[in-house]
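# Notes for the structure review
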Amino acid sequence: MIYSGRCFCGDVTFRVTGPVKFACFCHCESCRRASGGVYVPWATFAKDSLIVTSGNIHEHHSSPQVTRSFCSKCGTSLTYEHENRVGQIDISLSSFADPSEFSPSAHIWVSDKLPWVTIDDGLPQYAEWVTSD
Ligand SMILES: [Zn+2]
Ligand SMILES: [Zn+2]
């Protein structure tokens, strides 16, 4: 299965081959600050299955072991990589052509969740990170 996506302005386009290893909502403070949202839906893929087909991505270290990327023109938050998960990359579900193709299966970093965000979808909640394997 091949999925495509883009940043808000359309300068960055990408293609990634499934399967999706894991999809979740992250409530951590870093995701909030990077995205401007209250939590971020992510999907995890094999890193080498992601191909940036156009545009310029800028990378930065939001924590010592974390690399995030965003469109250098419009700033859309696109990917997340953690040194402890070698060979994997998380892609913002909101950037896919059809985010409804994915079904997040958990909430992570609920310990950082804002008090006025209510989770009532019945999905499992984890205080911090949970690995898919
Ligand atoms: Zn852009
Ligand atoms: Zn996060």
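Computed from a predicted structure; not experimentally measured.

### Some points on the overall build of the chain
Within the chain, the regular secondary structure consists of 1 helix and 10 strands. When the elements of the chain are put in sequence order from the N terminus, they spell out β-β-β-α-β-β-β-β-β-β-β. Relative to its length of 133 residues, the chain is compact, with a C-alpha radius of gyration of 14 Å against a globular reference of 14 Å. For the C-alpha atoms alone, the extent of the chain along its principal axes is close to 40 × 30 × 25 Å. Residue pairs at least 24 apart in sequence account for 55% of intrachain contacts in the chain once pairs closer than 6 positions are excluded.

### A short note on the environment of serine 63
On the secondary structure map, serine 63 appears in strand β6 (residues 57-63). Since 11 C-beta atoms lie within 10 Å of it, serine 63 is described here as exposed. Expressed as a C-alpha distance, the spacing of serine 63 and histidine 82, which sit 19 residues apart in the sequence, is 9.2 Å.

### Topic: the nonpolar core
Grouped together as the largest cluster of nonpolar side chains are 26 residues, with contacts concentrated most on Cys24, Cys26, Cys31, Trp42, Ala43, Leu78 and Ile91. Residue contacts for alanine 43: discarding those within four places in its chain leaves Val20, Ala23, Asp90, Ile91, Leu93 and Phe102.

### Remarks on the sheet that holds strand β1 (residues 2-6)
Each strand in a sheet pairs with another by means of backbone hydrogen bonds, the pair being arranged parallel or else antiparallel. The strand order across the open sheet formed by 3 strands is β1-β2-β5, and the pairing between neighbours is antiparallel. Strands with a single pairing partner mark the edges of an open sheet, and in this sheet they are β1 and β5 (50-54). Between one strand axis and the next, the sheet turns by 25° as a mean value, whatever way the strands run. Two strands pair when backbone bridges link them, and strand β2 (residues 13-17) and β5 are joined in this way by 4 bridges, in the antiparallel orientation. What sits directly across from threonine 13, in β5, is serine 54.

What counts, and where the lines are drawn
- Residues numbered from 1 in each chain as written.
- Chains lettered and ligands numbered in written order.
- Predicted model: local features only at pLDDT ≥ 70, side-chain atom pairs only at ≥ 80, totals over all residues.
- Helix = DSSP H or I, 4+ residues; strand = E, 2+ residues; numbered from the N terminus.
- Rg over C-alpha atoms; globule rule 2.2 N^0.38 Å.
- Contact = placed C-beta atoms within 7 Å.
- Buried ≥ 20, exposed ≤ 12 C-beta atoms within 10 Å, placed from the backbone.
- Core = buried A, V, L, I, M, F, W, Y, C linked by C-beta atoms within 7 Å.
- Pairing = 2+ DSSP bridges.
- Axes fitted to C-alpha atoms, helices over the stretch in contact; angles between N-to-C directions.

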